[in-house]
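# Breakdown of the fold
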Amino acid sequence: MTRRQAIAALGASAILARDARPQAAAEKDGGPKAGVALAPRSTPMICAFSQNLIKVPYPELGLIAQQIGYDGVDLTVMDGGHVNPHITNVDLVRAIESVRGAGLEVPMITTTINTISEQTAYPILAITGHTQVHLYRLGFWPYAVGQNAGAQAGGSVVRDGKITDIPRRLAQVRNDLTSLLALGRNYQMVAMFPNRAGGYVGEALWDAQTLIGDMDPQWIGYYFDPSQATGDMEIALRLALPRLKAVALQDYLWAKSGNAWKMQMCPLGEGMVDWPLFFRILAEAKFTSPISVHQEYPAKDELGAMNKDLEFVRKQVKQAWGTA
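It should be emphasised that the depicted structure is a prediction, and the values quoted were computed from it without experimental measurement.

Procedures and definitions
Residues numbered from 1 in each chain as written. Predicted model: local features only at pLDDT ≥ 70, side-chain atom pairs only at ≥ 80, totals over all residues. Heavy atoms only, no water. Phe/Tyr/Trp six-rings, centres within 6.5 Å; stacked < 30°, edge-to-face > 60°. Helix = DSSP H or I, 4+ residues; strand = E, 2+ residues; numbered from the N terminus. Buried < 20%, exposed > 50% of the residue type's maximum accessible area, 1.4 Å probe, protein only. Axes fitted to C-alpha atoms, helices over the stretch in contact; angles between N-to-C directions. Parallel < 35°, antiparallel > 145°, perpendicular 65-115°, else oblique. Left-handed = near helix turned anticlockwise from the far one by under 90°. Contact = heavy atoms within 4.5 Å. Core = buried A, V, L, I, M, F, W, Y, C linked by side-chain atoms within 4.5 Å. Arc of directions from axis to C-beta. Salt bridge = Lys/Arg side-chain N within 4 Å of Asp/Glu carboxyl O. 1 Å grid on protein atoms, 1.4 Å probe; cavity = no way out; pocket = protein on both sides within 12 Å on 5 of 7 lines; lining within 4 Å. Points joined across faces, edges and corners; volume = space filled by probe spheres on them. Nonpolar A, V, L, I, M, F, W, Y, C, P; charged D, E, K, R; others polar. Pairing = 2+ DSSP bridges. Right-handed = clockwise from strand over helix to strand, strands pointing away. Patch = residues over 30% accessible without salt bridge, like charges linked within 9 Å, V, L, I, M, F, W, Y side chains within 5 Å. Areas by Shrake-Rupley, 256 points an atom, 1.4 Å probe, with all protein chains shown as cover.

## Quick notes on the packing of aromatic side chains
- One pass over the full model with this rule turns up nine aromatic pairs.
- Ring centres 6.5 Å apart and planes at 65° place the aromatic pair F279 and W321 in the edge-to-face group. Linking F279 in helix α11 (residues 275-284) with W321 in helix α12 (residues 302-323), this pair joins segments that are 42 residues apart in sequence. You'll find F279 and W321 in the same group, each marked buried.
- Three or more aromatic residues link up through ring pairs in this structure, and these residues are F224, W275, F278, F279, F312 and W321.

Written as structure tokens, this is what we have:
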């Protein structure tokens, strides 16, 4: 039996029965770091966000990303992603190994996990940690989650889509994070808190900082997207920098729709993000963790758009890190 077959044969229940030795080993080494199994880098690893290639089956995902020119893949493990979270004991290992077989790395996965009560949380973290991938992006916590949200969010936080008790909502999120960190430590998995605009916890980063600021930075940090930073992007980035684990790259414009202005995603360099400033701050901090290049705008030639965005990022990295 090959290593791949052996790992794929592991059921989630068998993996969850492991003892606490991975946690003890992680604590002895001071916790896992981004790229723990990789050679040291002087510049960030530029990764394709796998959702950009969702039409490509995961056995070909690594090959296509390699042909475009990426260094790695930010693998989506969620409903509608490349890996179905409900059958991770088979597909997750195969997807990671197929990317590595193309000569690329999977430094992180993107999930929608935001509570340990989610059935897929245990197998996703256990199997991912076993494959030596140690970073996972958390899901999102909306302040208000729609009609009848009070029952979903704990009784009195939101009612009929309206926020009624922000401190209580933040306390709930903190409880979720505390439990997830305890679970992640068992499998050497580092949580990454995403900033997201539009009524989500962490959109201004100040609220996220109040939640994780006193938590161990070895086990939780930020997954920062400059396009989602409300207010001053530079202030938000500098706040996140001490525990920045990875960044997501998107650009945007404001477009008028009727009487309202709405955020519209666009190719990198064609929007409002101050990219020279963004990359200069990262370079000065000697940031070498993963960069995930997203493409959440419509494009007639999707592969051509991915290639164009990648060229833009490589140019910015070369200029910023060369100057630094």
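## Topic: the packing of helix α10 (residues 233-240) against α11
- Taken N-terminus to C-terminus, the directions of α10 and α11 make an angle of 20°; their axes are 11 Å apart at the nearest point. With respect to each other, α10 and α11 are oriented roughly parallel. Two packed elements cross with a definite hand, and for α10 against α11 that hand is right-handed. Residues M233, E234, L237 and R238 of α10 form the contact with α11, whose own contacting residues are L277, F278, I281 and L282.

## Some words on the nonpolar core
- Of all hydrophobic cores here, the largest spans 90 residues; its most connected members are L75, L177, F224, L249, F278 and F279.
- At eight residues, the largest contribution of residues to this core is made by α12.

## Some remarks on helix α4 (residues 58-68)
- Those residues of α4 lying buried are Y58, L61, G62, A65 and I68. Considered in projection along α4, the buried side chains sweep an arc of 135° and stay on one side of the axis.
- Residues of α4 that are buried sit in contact with β1 (46-49), β2 (72-76), α5 (88-101) and α12.

## So, the environment of V313
- With respect to the helices and strands, V313 occurs in helix α12.
- Taking C-alpha positions, V313 is 9.3 Å from I291, a pair spaced 22 residues apart along the chain.

## Some words on the pattern of salt bridges
- Following the criterion strictly, the structure yields nine salt bridges and no others.
- A salt bridge links D71 to R41; its shortest N-O distance comes to 3.7 Å. Of this pair, D71 sits in the loop between α4 and β2 while R41 sits in the loop between α3 (21-28) and β1, and the two are 30 residues apart along the sequence.
- D71 sits in the partly exposed class, given a relative accessible area of 22%.
- Taking the relative accessible area as the measure of exposure, R41 reaches 35% and is therefore partly exposed.

## Looking at empty space enclosed by the protein
- By the definition in use, this model includes one cavity of 30 Å³ or more.
- Volume-wise, the largest cavity comes out at about 30 Å³.
- Forming the boundary of the largest cavity are Q250, D251, M265, C266, L268, H294, Q295, E296, Y297 and D309.
- Its residues placed into classes, the lining of the largest cavity shows four nonpolar, three polar and three charged.

## A look at unusual backbone geometry
- A positive phi angle is found at Q132, which is not glycine, with a value near 70°.
- Among the structural elements, Q132 can be located in the loop between α6 (121-130) and β4 (135-137).

## Focus on the pairing of β2
- Here β2 lies mainly inside the structure; five of its five residues are buried.
- Here β2 shows no split at all, with G72, D74 and T76 on one side and V73 and L75 on the other all buried.
- Note that β1 and β2 share three bridges and pair parallel. In the sheet register, F49 faces β2, and the bridge partner there is D74.
- Of the crossover connections in this fold, the one passing from β1 over α4 to the parallel β2 is right-handed.
- In this fold, β2 hands off to α5, which returns the chain to strand β3 (residues 105-110); that crossover is right-handed.

## Thoughts on a nonpolar patch on the surface
- A surface patch of nonpolar side chains, amounting to about 520 Å² of accessible area, comprises L253, W254, W261, M263 and M272.
- Relative to the elements of secondary structure, W254 occurs in strand β10 (residues 251-257).
- Judged by its relative accessible area of 45%, W254 is partly exposed.

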